Amino acid sequence: MKPYVKEYVDETQIKLDITKLKTKGVARDDIYILTHDDERTGRLAEGVDANTIGMKEMDFSSAVGNMFNSQGDELRTKLKEIGVSTVEAENYEEDLDDGKILLIVTNHDFVEEMLV
């Protein structure tokens, strides 16, 4: 199943939306945060008890390859590993370059309706 992805510019809004998703039954294991900066990603994910895209979500060759890739290549690889198409990964990576935050939800059909 293709993941649901929503872009944010505001850390407060993504935190509110993640809280809303959790209260409506979306499991923590299905909620991911991604930013252009690993430290920011980790801080945000920890603050709302969400996940980051790491070794568990990636196959071994992708994870090892990321150690030698540029930040942009690493972000695109992470997005593709979690189920985003190559074209979408390129577009999202450009948005991450601009400081946006991505909320990625896997294994849930009605996320968009929950965030209304």
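Quick note: structure is the one above.
Since this is a predicted model, take the numbers as computed values, not measurements.

A. Structural detail: the side chain of Thr106. Tracing the backbone through its elements, the reader meets Thr106 in the loop between strand S3 (101–105) and helix H6 (111–114). The class for Thr106 is buried, based on a relative accessible area of 13%. Setting aside residues no more than four positions away along its own chain, Thr106 makes contact with Pro3, Asp29, Asp30, Tyr32 and Ile82.

B. Spatial organisation of the nonpolar core. Membership of the largest hydrophobic core comes to 17 residues, with the highest contact counts inside it found for Ile18, Leu21, Ile33 and Leu103. Counting only elements with at least two residues in this core, the list comes to strand S1 (4–8), helix H1 (11–23), strand S2 (31–34), helix H2 (38–48), S3 and H6. Those residues in contact with Ile18 that sit more than four places away from it in its chain are Ile31, Ile33, Val48, Ala50 and Leu103. Within the second largest apolar cluster, 13 residues are counted, among which are Val5, Tyr32, Ile82 and Leu102.

C. Geometry of the pairing of S3. A large share of S3 lies buried, amounting to 5 of its 5 residues. The side-chain alternation of S3 yields two buried faces, one formed by Ile101, Leu103 and Val105 and the other by Leu102 and Ile104. With 4 bridges connecting them, S2 and S3 associate as antiparallel partners. What sits directly across from Leu34, in S3, is Leu102.

Here is what the cut-offs are and how they apply
Each chain has its residues counted from 1, following the order in which its sequence is written. In keeping with the model being predicted, local features are shown solely for residues with a pLDDT of at least 70 and side-chain atom pairs are shown and tallied solely at 80 or more, while totals for entire chains, interfaces and linings include all residues. The basis for the side-chain values is all heavy atoms of the structure; hydrogens and waters are excluded. Going along the chain from the N terminus, every DSSP run of H or I of four or more residues is numbered as a helix, and every run of E of two or more is numbered as a strand. Residue exposure (1.4 Å probe, protein chains only): buried if accessible area is under 20% of the type maximum, exposed if over 50%, otherwise partly exposed. Residues are treated as being in contact if the distance between any of their heavy atoms lies within 4.5 Å. Nonpolar cores were defined as sets of buried Ala, Val, Leu, Ile, Met, Phe, Trp, Tyr and Cys residues, with membership established by side-chain atoms within 4.5 Å. Only strands joined by at least two bridges in the DSSP assignment are considered to pair.

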